[in-house]
Amino acid sequence: MFAMMEAARLEALHLAQDPATGLKAIIAIHNTRFGPALGGCRYLAYPDHVSALRDAIRLAQGMSYKAALAGIEHGGGKAVIIRPSHVDNRGALFEAFGRFIETLNGRYITAVDSGTSSADMDCIAQHTRHVTSTTAEGDPSPHTAMGVFAGIRATAQARLGSDDLEGLRVAVQGLGHVGYALAEQLAVAGADLLVSDLDPGRVQLAVEQLGARPVASEALLTTPCDILAPCGLGGILNAETVGQLRCAAVAGAANNQLASAEIADELEARGILYAPDYVINSGGLIYVALRHRGDALPAITAHLSRIGLRLTEIYAHAQADKRSPARVADALAERLLYGEG
Ligand code: NAD
């Protein structure tokens, strides 16, 4: 366990269990240099406890990098609740998790993530104020989409010489909370939308409401386009797919798009500009952080629009250093977090 913590440079790991509700929870606090750790709470079944621990640590580290480059006064953290095979009272389980968070005196602030909802956050909020994305605070997804849209414009400018999206072929993989909101903005900007989702109903909606062209899920990555916007699952840029892409740039919301760091170098070698995922998709984190602090919507929107500028800076560094933007973003984050890179 300590080897895992050391490898990730994790500050602290907290565990709690509560037999009365079935709670088994892990909170990983990666780095608090810029403020309390902020990051979502996953509620998933894991094959074993080590997998859950590994997930919490890896995700907490990612949140530190994301928060550092987003310029918010937070560090990175993540919580994992191991989903029991059966739970009598989900509300009571999340209330118990709220009591656990409260024992950390504000060093970790939680949020919605895979398997959790705003209703779960409301249960947590009964016992601690260190919780965001409650029903009252709202869904961060539209704000993530706004940030990705700003990032796509910056990417188009850097790779294609103009941030005008009129007529640009943008392929959106995944039309969920973020992907659909992004597709709506792209349609308004006049982009030529190509879309896929595992749910044919989502695709049909985009065809009817946004004039999008449907593409079979298995064909989207290899469809010729200007910008590929992955908004489904992570890991889609891997040794198998990277050689088959037929786009000028990849810029989308999905977390952990690169199967490994080396894939970023392969994209670079192929002349495909890659928007580092944790930079372009930081809108949701910015929203929950600033909303939690009590900022008004115009201030939040202004902060979101800076995602485009941040990417432009990263692209400029990458071009000057002849390195992938992903490597540049990691180095910038490490310099901020540890004074190195
Ligand atoms: P979601 O579950 O609402 O939507 C994902 C959609 O992708 C679903 O409709 C699913 O059917 C589709 N999908 C999955 N695999 C696919 C495939 N191979 N081909 C086509 N479609 C596929 O999730 P979301 O909240 O929209 O998040 C999307 C991605 O963005 C995730 O990777 C998430 O981690 C990341 N992200 C989300 C936020 C946020 O604010 N919601 C913030 C940062 C990052």
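Everything numeric in this text was worked out from a predicted model, so none of it was measured.

The rules we used
- Counting of residues starts from 1 at the beginning of each chain's written sequence and follows it residue by residue.
- Given that this is a predicted model, residues contribute local features only at a pLDDT of at least 70 and side-chain atom pairs are listed and counted only at 80 or more, while totals for whole chains, interfaces and linings are drawn from all residues.
- Just so you know, side-chain values use all the structure's heavy atoms and leave hydrogens and water out.
- UniProt positions are given in the numbering used here, feature names are shortened, and annotations may be inferred rather than shown by experiment.
- Counting from the N terminus, the helices are DSSP H or I runs at least four residues long and the strands are E runs at least two residues long.
- For the exposure calls, accessible area comes from a 1.4 Å probe over protein chains only, and a residue counts as buried if that area is under 20% of its type's maximum, exposed if over 50%, partly exposed in between.
- In what follows, a contact means two residues having at least one pair of non-hydrogen atoms within 4.5 Å.
- Where each domain starts and ends comes from a domain assignment, either automatic or drawn from a database.
- Defined here as a combined quantity, buried area equals the accessible surface (1.4 Å probe) lost by two parts on assembly, summed across both.
- Pairs of N or O atoms within 3.5 Å make up the polar contacts considered here, provided that, within protein, one atom can donate a hydrogen while the other can accept it, and that residues adjacent in sequence are counted only when both atoms are side-chain atoms.
- The cutoff for a nearby residue is simple: one of its non-hydrogen atoms must lie within 4 Å of the molecule or strand.
- Every accessible area reported is derived by Shrake-Rupley at a probe size of 1.4 Å, with residue values counting cover from the shown protein chains alone.
- We call Asp, Glu, Lys and Arg charged. Ala, Val, Leu, Ile, Met, Phe, Trp, Tyr, Cys and Pro are nonpolar, and the rest, Gly among them, are polar.

**Some remarks on the UniProt feature "active site" (unreviewed entry) in the protein**
Turning to step 1, where the next piece is worked out: What UniProt calls "active site" (unreviewed entry) maps, in this numbering, to Lys78.
Turning to step 2, where the next piece is worked out: Mapped onto the elements, lysine 78 comes out in strand E5 (residues 75-82).
Turning to step 3, where the next piece is worked out: A relative accessible area of 7% places lysine 78 in the buried class.
Turning to step 4, where the next piece is worked out: Those residues in contact with lysine 78 that lie beyond four places of it in its chain are Ile26, Ile27, Ala28, Gly39, Gly40, Ala56, Leu59, Ala60, Met63, Tyr108 and Asp113.

**With respect to the domain arrangement of the protein**
Turning to step 1, where the next piece is worked out: Annotation of the protein at the domain level lists domain 1 (2-61 + 76-124) and domain 2 (141-338).
Turning to step 2, where the next piece is worked out: Here the C-alpha centroids of domain 1 and domain 2 sit 27 Å apart.
Turning to step 3, where the next piece is worked out: With ten residues of domain 1 at the interface, the matching set in domain 2 holds nine residues.
Turning to step 4, where the next piece is worked out: When domain 1 packs against domain 2, close to 760 Å² is buried across both sides, 61% of that on carbon and sulfur atoms.
Turning to step 5, where the next piece is worked out: In this structure, the connection of domain 1 to domain 2 is made through three residue pairs in polar contact (both at pLDDT 80 or more).
Turning to step 6, where the next piece is worked out: Those elements giving two or more residues to the side of domain 1 that touches domain 2 turn out to be strand E2 (23-31) and helix H2 (49-70).

**Thoughts on the site of the ligand**
Turning to step 1, where the next piece is worked out: Close to the ligand lie 19 residues; Thr144, His177, Val178, Asp197 and Gly232 are nearest.
Turning to step 2, where the next piece is worked out: Side-chain polar atom of histidine 177 to an oxygen atom of the ligand: 2.7 Å apart, as the coordinates give it.
Turning to step 3, where the next piece is worked out: Valine 178 is positioned with one of its backbone polar atoms (N or O) 2.8 Å from an oxygen atom of the ligand.
Turning to step 4, where the next piece is worked out: A total of 840 Å² of accessible area belongs to the ligand in isolation, and the protein chains cover 72% of it.
Turning to step 5, where the next piece is worked out: Residue assignment for the shell around the ligand shows that the elements contributing at least two residues are helix H5 (141-160) and helix H6 (177-188).
Turning to step 6, where the next piece is worked out: Across the shell around the ligand, the residue classes tally to seven nonpolar, eleven polar and one charged.

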